[in-house]
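Below, each chain spelled out in residue letters.
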Amino acid sequence: DRESERLLVTALAGTFPDDGILGEEGASHTGNSGRRWIIDPIDGTREFLRGSSAWCVLVALEAEGEAELGVAHFPAMKTTFWAVRGEGAFRDGERISVSSISSADRAVLCLNGFNNLGKHTFRDRLLPFLSRYWSVRSLGGCLDAVMVAQGQADAWIEPSAQPWDLAALKVISEEAGARFFNFDGGSSIHAGNCVTCVPALEAELRAFVRNG
């Protein structure tokens, strides 16, 4: 993690010396341009350590408090997702978009962090809620998110996350046509949690997490 972040910080600081930097492993620079690079050098450290391919490098550019560019590079899968605000989302150069699924009984829902859900009051309603979905998966936050963005899944609930976990994925998800929101109804990478989903499932997912 630290070596990956060092390489990224060196490259970004050398190319954009006036921009700020925020990294998971401690990189922090305020900058004076109103822009900030947000880095997660290895998102999915457990997967990396266990030899799974479900980990990635996340880099985002935040401008005036909003993520405007995001890259999610999966080295073990040899694939890269990226998006720029207003210009669409892409996987290896091919444009991606969310699915047209419109009901839970046809949808794939991804839920991260089952082991930490006890602190949420929706824990007692979780199993009945999940039973409404066609399938439920938990493959790891970054992979779950890009699956929604490219139409392989239809919703992702992330109950615990930091800005570097969410910044790049927010841009990619929204540019692919997904909705992104926090449990409190906001739309921030700094809220500590998020949901991304196809538009048709937004209302029921907002209601579920808001009441939990």
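This one's a predicted model, so the numbers in the text were calculated from it and none came from an experiment.

The rules behind the values
Residues numbered from 1 in each chain as written. Predicted model: local features only at pLDDT ≥ 70, side-chain atom pairs only at ≥ 80, totals over all residues. Heavy atoms only, no water. Helix = DSSP H or I, 4+ residues; strand = E, 2+ residues; numbered from the N terminus. Buried < 20%, exposed > 50% of the residue type's maximum accessible area, 1.4 Å probe, protein only. Contact = heavy atoms within 4.5 Å. Pairing = 2+ DSSP bridges. Axes fitted to C-alpha atoms, helices over the stretch in contact; angles between N-to-C directions. Parallel < 35°, antiparallel > 145°, perpendicular 65-115°, else oblique. Nonpolar A, V, L, I, M, F, W, Y, C, P; charged D, E, K, R; others polar. Core = buried A, V, L, I, M, F, W, Y, C linked by side-chain atoms within 4.5 Å. Disulfide = S-S within 2.5 Å. Phe/Tyr/Trp six-rings, centres within 6.5 Å; stacked < 30°, edge-to-face > 60°. Lys NZ or Arg CZ within 6 Å of the ring centre and 35° of its normal.

(A) Main features of the overall build of the chain. For the chain, the helix and strand inventory stands at 6 helices and 13 strands. Taken along its principal axes, the extent of the C-alpha atoms in the chain is 50 × 35 × 35 Å. Within the chain, the proportion of its 212 residues that are buried is 50%. Long-range contacts, defined as pairs at least 24 residues apart, comprise 54% of the intrachain contacts of the chain with a sequence gap of at least 6.

(B) Spatial organisation of the sheet that holds strand β1 (residues 20-23). The 8 strands are arranged β2-β1-β3-β4-β5-β6-β7-β8 in an open sheet whose pairing can be described as mixed. Looking at which strands have only one partner, the edges of the open sheet turn out to be β2 (28-29) and β8 (94-96). Packing against the sheet, helix α4 (residues 141-149) makes contact with β3 (35-43), β4 (56-63), β5 (66-74), β6 (79-84) and β8, and its axis sits at approximately 105 degrees to β5.

(C) Quick look at the packing of helix α3 (residues 123-130) against helix α6 (residues 202-210). Look at α3 against α6: their axes get within 10 Å of each other, and the N-to-C directions meet at 155 degrees. By the angle class used here, α3 and α6 are roughly antiparallel. Here Arg125, Leu126 and Phe129 of α3 come into contact with α6, specifically with Glu204, Leu205 and Phe208. Looking at the contact of α3 with α6 residue by residue, the class counts come to 4 nonpolar, no polar and 2 charged.

(D) Representation of α4 within the structure. Along α4, 9 of the 9 residues are buried, which leaves the element largely enclosed by surrounding structure. For α4, the full list of buried residues reads Gly141, Cys142, Leu143, Asp144, Ala145, Val146, Met147, Val148 and Ala149. Downstream of α4 by one or two residues, Gly151 has phi in the positive range, about 85 degrees.

(E) Seen up close, the nonpolar core. Counting residues in each nonpolar core, the largest one holds 60 residues, and the members touching the most others are Ala72, Phe74, Leu109, Tyr133, Trp156, Leu169 and Leu205. Setting aside residues no more than four positions away along its own chain, Trp156 makes contact with Cys110, Asn112, Gly141, Asp144, Ala145, Val148, Leu166, Leu169, Cys194, Val195 and Thr196.

(F) The state of the cysteines, seen in detail. What the rule picks out here adds up to 0 disulfides. Left unpaired, Cys110 is separated from the closest cysteine sulfur, that of Cys142, by 11 Å. Here Cys197 is not disulfide-linked; the sulfur of Cys194 is the nearest cysteine sulfur, at 10 Å. We classify Cys197 as buried; its relative accessible area is 0%.

(G) Up close: the packing of aromatic side chains. Scanning the model with the defined rule gives 8 aromatic pairs in all. With centroids separated by 5.5 Å and ring planes inclined at 55 degrees, the aromatic side chains of Phe129 and Tyr133 adopt a geometry described as tilted. Taken individually, Phe129 and Tyr133 each receive the classification buried, so the pair is uniform in this respect. What links up through ring pairs into an aromatic cluster is the set Phe122, Phe129, Tyr133, Phe183 and Phe208. Sitting above the plane of the Phe181 ring, Arg206 keeps its charged end 4.2 Å from the centroid.

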